[in-house]
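If you want the building blocks of each chain, they are given just below.
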Amino acid sequence: MDSDRIVKRVNQAKQDSKQADMLIQDYMPFIKAETARFLKRSVSESDDELSIAMFAFYEAIKGYSLIKGSFLKFASLKIKNKLIDYYRREKRNQGHISLESPVSDETEGICIADTLQDDKDPYEENEIREATRQEIAHLSEQLAEFGVSFDDIAENAPKQQRTLAVCRKVVSYARNNPEILEEFLRTRKIPISKLAEVTQAERKTLERHRRYLVAVFLICTNGYEILRGHIVQVLSQSTL
Amino acid sequence: MKYIVVEIHTGYAVLMDENALFVRSANLGYEVGQTVENPILEEIPEKQRKNIIIYRVLASAAACFALVTGFFVYQRNYAVYSTITISASADEIYLQVNRKGEVLTAESINSDTQLLENYDPHGKDKITAAEEIVQKAISMGCINDGDTVSFYIDTPENDYTKYKTEIEEHFRSDKKIKVDVQKGKRSEKDEKPERKEKITPTKEIVTTQAQQPAIYQEIIPSENTNQENSAVIEDVPKEPETELNENFSDSNKNSIENNENFSDSDKNKIENNENFSNSDRNRVEDNEDFHNYSENNYDNNFSEFKGERNENSVNVPDYSQNNYDNNENQQSWERNDEYTQRDNNRNSDNNHGRFR
C-alpha cells in the first residue's frame, strides 16, 4: 500500500536528515501543487512561499504520527497553516514601499536601494562570510569526530529558558577554567560529573544536552573567533 | 536577534543565534555563513509541553475515575453483602448474596442430599434461588408436607426487615411448608452434630506382603498338662503381616522379640498372636493403649482368654466365654485357653514392664 510506504519513509526521515531531504525532494510536485492551490497561481523555485511550504512539509514529517491519519492530508494542512501564518506576518509590512521597487517608471534597472547610502563594504562582507563559512566547515568536521552534526545539535539544544541558563552556567565555568576545555579536547569527552558537581546542575540535564555542550565547548576553543564573537553576549555572562 | 546560517538542507536551514542556540528555519535562499534576521523558525515546542501536562492530568483523572468506579462496581456486584441460610431437616444451604440481592455462592452443608447437584444459583435473585432450592428439596423428599423451613438472614439491620418481608410474602402461598425467618446466623446450639464415621465391628486388613503365607511354628499344647514345654510343634502357615501390626511401638516389638525371660515357645506365641483370629488381632493391635499396657493390663488381657471380662483394659474386646461360642475359631480358643492359662501363671512371674 502507498500509505504504508509513505509512513515507513516518514518514520525513517524522522531519524535521518538525509532521508528527510530525499523525501522532500521526492514529494516536491506535491508541495508545489499545494502552494499553487493556496496562491491560486503557479509557483517558481525562487518563491519564498515554496520555501515555506517545503519547511512546512519538513515539520509535518517531524510531527506526524499514525493517530493523525493520512500523512499527505496532514502535510497539506501544515503547508496551508504555515502559508497563512507567513501572510499574516507579511501583512504588517503592507503599505510599505519595497526597496527593490524602481525609483520611477522612467528609470529602469535602478531601485530605491541603489540610491541609499550603504556604509557596509560588500567585498568585506563577502570575505567575512567566506571566513565564517570556513570556520563553520571546520567546526562541522570536528563535530563529526564526536559523531555530532548541526542538525543533531538543533534537535538536542535546550528549548526552555531554565535549561538554557544551566547550560550557560556550565559553559561560563568551562571558559573560566581552561583545564576543563583542555581535558575535553584531550579525552574527547565532557567531564559531566565534575561540571555537575561544581555548577550544582543536574547530571541528567547535562547528559541530555551533551551534544549541544560539545558544540559550544568547541566554539570556545581556539580557531572559531567569528563564531565566538557572534555569541559573545552568551560567553560574557558569568553567573558563578 | 541575528542568526548565522551553519547548515543548509533541502527543506530547511540550521541557524545559530546570539544565545548560542541552534534552531531550524525555512531556507529562504540562505547560504552557509550568512547572517540573517527574522527567519521563519520552527514551531516552539513549549506548546507541546503544555499539552503533555494536560494529557497527563487527564490521564491521571481518568485512572482515578476508573479506580473509584471499579471499586463501587465491585462492592455492588461481587462483594458479599449478606448471607441467607436455608435450613431444613435434611440439609442446610448457605447462600452468599451481593448488595443487589443476587446470589454469589451457594454451599450445601450436607453433601449427601445433593441438593445443589446440577444446580447453580449464581446470579439469580435470592428469592428465586430460595424458591428453587425449596422446591427441589420437596421433590427430592428432603422436605415433607408440614415441615418447617428456617431462613437465617445475616444482613445489615436496615435490610433485614425487607428480606424477611420478601421471603414471608413469597412463601405465604405455599401451604405445604411453614416458613420461619430469623435474624443472624444459625446459632451454634442449633447446629446439627457433625456426622461421625460409623465404627464398624471389624476392619479390613490391608496386606502388604505377598499372599503366600509364611510358615511359622504353632505350639499346640499337648494333652499332658503336667509337663512344661510339652507342646507339640506343628508347622502352620503364617498369616501375612499386616499394616496394623505396625501399631505396636518399636520398643514393645523389640521387647517382645528380645525378651530373654520368655521361652522360645512363648516368644513365638506372642509374636505370632496365634491365639487371635484376624479380626480379634486387629482389635487388640488397634488399641491405642496396647503399647502402654501395664503388667496388670497384660495379665488382664490374658485373663480374657480364660473367659473373664477385663474391665481395666480400655477398648479390649469382650473375650468372654459367650464370645468364644460365637467365634469361628472356638476350638482353637478352647485349646489355647488351657495352654495360656498354664503359661499365664508362668509369665506373670516375669518382668512385663516392657509392655509399658
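Going by the structure above, here's the rest.
Keep in mind it's a predicted model, so treat the numbers as computed, not measured. (Residues numbered from 1 in each chain as written. Chains lettered and ligands numbered in written order. Predicted model: local features only at pLDDT ≥ 70, side-chain atom pairs only at ≥ 80, totals over all residues. Heavy atoms only, no water.)

Chemist: How should the overall build of chain B be read in this particular structure?
Modeler: A tally of helices and strands in chain B yields nine helices and eleven strands. Going through the 356 residues of chain B one by one, you find that 40% of them count as buried. Intrachain contacts of chain B at a sequence separation of at least 6 include 52% that bridge at least 24 residues. Total accessible area on chain B stands at roughly 21,300 Å², and carbon and sulfur atoms take up 45% of it. (Helix = DSSP H or I, 4+ residues; strand = E, 2+ residues; numbered from the N terminus. Buried < 20%, exposed > 50% of the residue type's maximum accessible area, 1.4 Å probe, protein only. Contact = heavy atoms within 4.5 Å. Areas by Shrake-Rupley, 256 points an atom, 1.4 Å probe, with all protein chains shown as cover.)

Chemist: What is the right way to look at the overall build of chain A in this model?
Modeler: Across its full length, chain A carries 15 helices and zero strands. Counting every atom, chain A has about 14,600 Å² of accessible surface; 48% of that belongs to carbon and sulfur.

Chemist: Just checking my understanding: could you explain the environment of leucine 95 of chain B for this structure?
Modeler: Tracing the backbone shows leucine 95 of chain B in strand β6 (residues 92-97). The spatial distance from the C-alpha of leucine 95 of chain B to the C-alpha of isoleucine 153 of chain B is 9.6 Å, given a sequence separation of 58 residues.

Chemist: I keep staring at the packing of aromatic side chains and nothing clicks. Help me out?
Modeler: Aromatic ring pairs are described here by two measures, namely the spacing of the ring centres and the angle between the planes. Residue and element names in this part refer to chain A. Summed over the entire model, instances satisfying the criterion amount to 14 aromatic pairs over all chains. Measuring from centroid to centroid gives 5.2 Å for phenylalanine 146 and phenylalanine 184, while their planes differ by 15°, and the two rings are stacked. Of this pair, phenylalanine 146 sits in the loop between α7 (122-145) and α8 (150-156) while phenylalanine 184 sits in helix α10 (residues 178-187); the two residues are 38 residues apart in sequence, bridging distant segments of the chain. Assessed through its relative accessible area of 13%, phenylalanine 146 is described here as buried. (Phe/Tyr/Trp six-rings, centres within 6.5 Å; stacked < 30°, edge-to-face > 60°.)

Chemist: Just checking my understanding: could you explain unusual backbone geometry for this structure?
Modeler: What you tend to see is this: most non-glycine residues have negative phi, and most peptide bonds are trans. All names here are of chain A. Its identity as a non-glycine residue notwithstanding, glutamine 200 has a phi of 60°, on the positive side. Within the secondary structure, glutamine 200 sits in the loop between α11 (192-199) and α12 (203-208). A residue is classified by how much of its surface remains accessible, and glutamine 200, at 74% relative accessible area, is exposed.

Chemist: I would appreciate a short explanation of the nonpolar core in the present structure.
Modeler: General note: in soluble globular proteins, nonpolar side chains tend to be found buried as a group. Core analysis: the largest hydrophobic core is formed by 74 residues, its most contacted members being Phe57, Phe71, Leu143, Phe150, Tyr212 and Phe217 of chain A together with Phe22 of chain B. In terms of residue count, helix α4 (residues 48-63) of chain A provides more of this core than any other element does, ten residues in total. Apart from residues lying up to four places away in sequence, phenylalanine 71 of chain A is in contact with Ile6, Val10, Phe57, Ala60, Ile61 and Tyr64 of chain A. (Core = buried A, V, L, I, M, F, W, Y, C linked by side-chain atoms within 4.5 Å.)

Chemist: Which parts of the structure should I look at to understand the interface of chain B and chain A?
Modeler: Many authors give the size of an interface as the accessible area that is lost as the parts come together. Every contact between the two is made by 37 residues of chain B and, on the other side, 40 residues of chain A. Summed over the three residues of chain B that lose the most area to chain A, namely Thr10, Phe22 and Arg24 of chain B, the buried surface amounts to 20% of that side. The interface formed by chain B and chain A includes four salt bridges. Aspartate 151 of chain A is the salt-bridge partner of arginine 24 of chain B, the closest N and O atoms lying 3.0 Å from each other. One can count 16 residue pairs in polar contact (both at pLDDT 80 or more) joining chain B with chain A. Every element with two or more residues in the side of chain B that touches chain A is listed here: β1 (2-8), β2 (13-17), β3 (22-25) and α1 (46-77) of chain B. The dominant element in the side of chain B that touches chain A, judged by the number of residues it contributes, is β1 of chain B, at six residues. (Buried area = accessible area lost by both parts, 1.4 Å probe. Salt bridge = Lys/Arg side-chain N within 4 Å of Asp/Glu carboxyl O. Polar contact = N/O pair within 3.5 Å; in protein donor to acceptor, adjacent residues only side chain to side chain.)

Chemist: What is the right way to read the sheet that holds β6 of chain B from this model?
Modeler: Strand pairing in a sheet relies on backbone hydrogen bonds. The paired strands run either parallel or antiparallel. All names here are of chain B. Reading across from one edge, β7-β6-β5-β8-β9 is the order of the five strands in this open sheet, with mixed pairing throughout. Here the strands that pair on one side only, and so sit at the sheet edges, are β7 (103-108) and β9 (178-183). Neighbour-to-neighbour, the strand axes of this sheet turn through a mean angle of 20°, independent of strand direction. As defined by bridge partners, strand β8 (residues 148-154) adjoins β9 across six bridges and the pair is classed as parallel. (Pairing = 2+ DSSP bridges. Axes fitted to C-alpha atoms, helices over the stretch in contact; angles between N-to-C directions.)

Chemist: How should I be thinking about the pattern of salt bridges in this particular structure?
Modeler: When the charged atoms of two side chains with opposite charge come close together, those side chains can pair. All names here are of chain A. What the rule picks out here adds up to 18 salt bridges over all chains. For lysine 62, the salt bridge goes to glutamate 155, with nearest N and O atoms at 3.2 Å. Here lysine 62 is found in helix α4, whereas its partner glutamate 155 is found in helix α8, with 93 residues between them in sequence. Salt-bridge contacts for glutamate 207 lead to arginine 203; the nearest nitrogen and oxygen are separated by 3.7 Å. Pair noted here: glutamate 207 and arginine 203 are both in helix α12, with a separation of four residues, about one helical turn. Classification of glutamate 207 as partly exposed rests on a relative accessible area of 38%.

Chemist: Sorry if this is basic, but what is going on with the pairing of β7 of chain B here?
Modeler: A regular strand carries its side chains on alternate faces of the sheet. Residue and element names in this part refer to chain B. Here five bridges tie β6 to β7, and the two strands are oriented antiparallel to one another. Pairing of leucine 95 across the sheet is with alanine 106, part of β7. Count of turn residues in the β6/β7 antiparallel hairpin: five residues, of which glycine 101 carries a positive phi of about 90°.

Chemist: Could you clarify how one ought to interpret the packing of α7 of chain A against helix α13 (residues 210-220) of chain A in this entry?
Modeler: The geometry of a pair of packed helices is captured by two quantities: the angle between their axes and the separation between those axes. All names here are of chain A. Where α7 contacts α13, the axes come no closer than 11 Å and their chain directions differ by 130°. The angle between the axes of α7 and α13 places the two elements in the oblique class. Crossing angle aside, the handedness with which α7 passes α13 is right-handed. Facing α7, whose interface residues are Leu139, Gln142 and Leu143, α13 presents Val214, Ala215, Leu218 and Ile219. For the contact of α7 with α13, the class distribution of residues is six nonpolar, one polar and no charged. (Parallel < 35°, antiparallel > 145°, perpendicular 65-115°, else oblique. Left-handed = near helix turned anticlockwise from the far one by under 90°. Nonpolar A, V, L, I, M, F, W, Y, C, P; charged D, E, K, R; others polar.)

Chemist: Would you explain the sheet that holds β2 of chain B in this entry?
Modeler: Residues and elements named next belong to chain B. With antiparallel pairing, the four strands of this open sheet are ordered in space as β3-β2-β1-β4. Each edge of the open sheet carries a strand with a single partner, namely β3 and β4 (35-37). Across this sheet, the average inter-strand angle for adjacent strands is 45°, counted without regard to direction. In terms of strand pairing, β1 meets β4 through three bridges, oriented antiparallel.

Chemist: Please explain the packing of α10 of chain A against α13 of chain A as it appears in this structure.
Modeler: Residue and element names in this part refer to chain A. Two elements in contact, α10 and α13, have axes whose closest approach is 11 Å; the angle formed by their N-to-C orientations is 115°. Classed by the angle they form, the pair α10 and α13 counts as roughly perpendicular. The chirality of how α10 crosses α13 is left-handed. Residues Ile180, Leu181, Phe184 and Leu185 of α10 form the contact with α13, whose own contacting residues are Val214, Phe217, Leu218 and Cys220. Of the residues that constitute the contact of α10 with α13, the class distribution is eight nonpolar, no polar and no charged.

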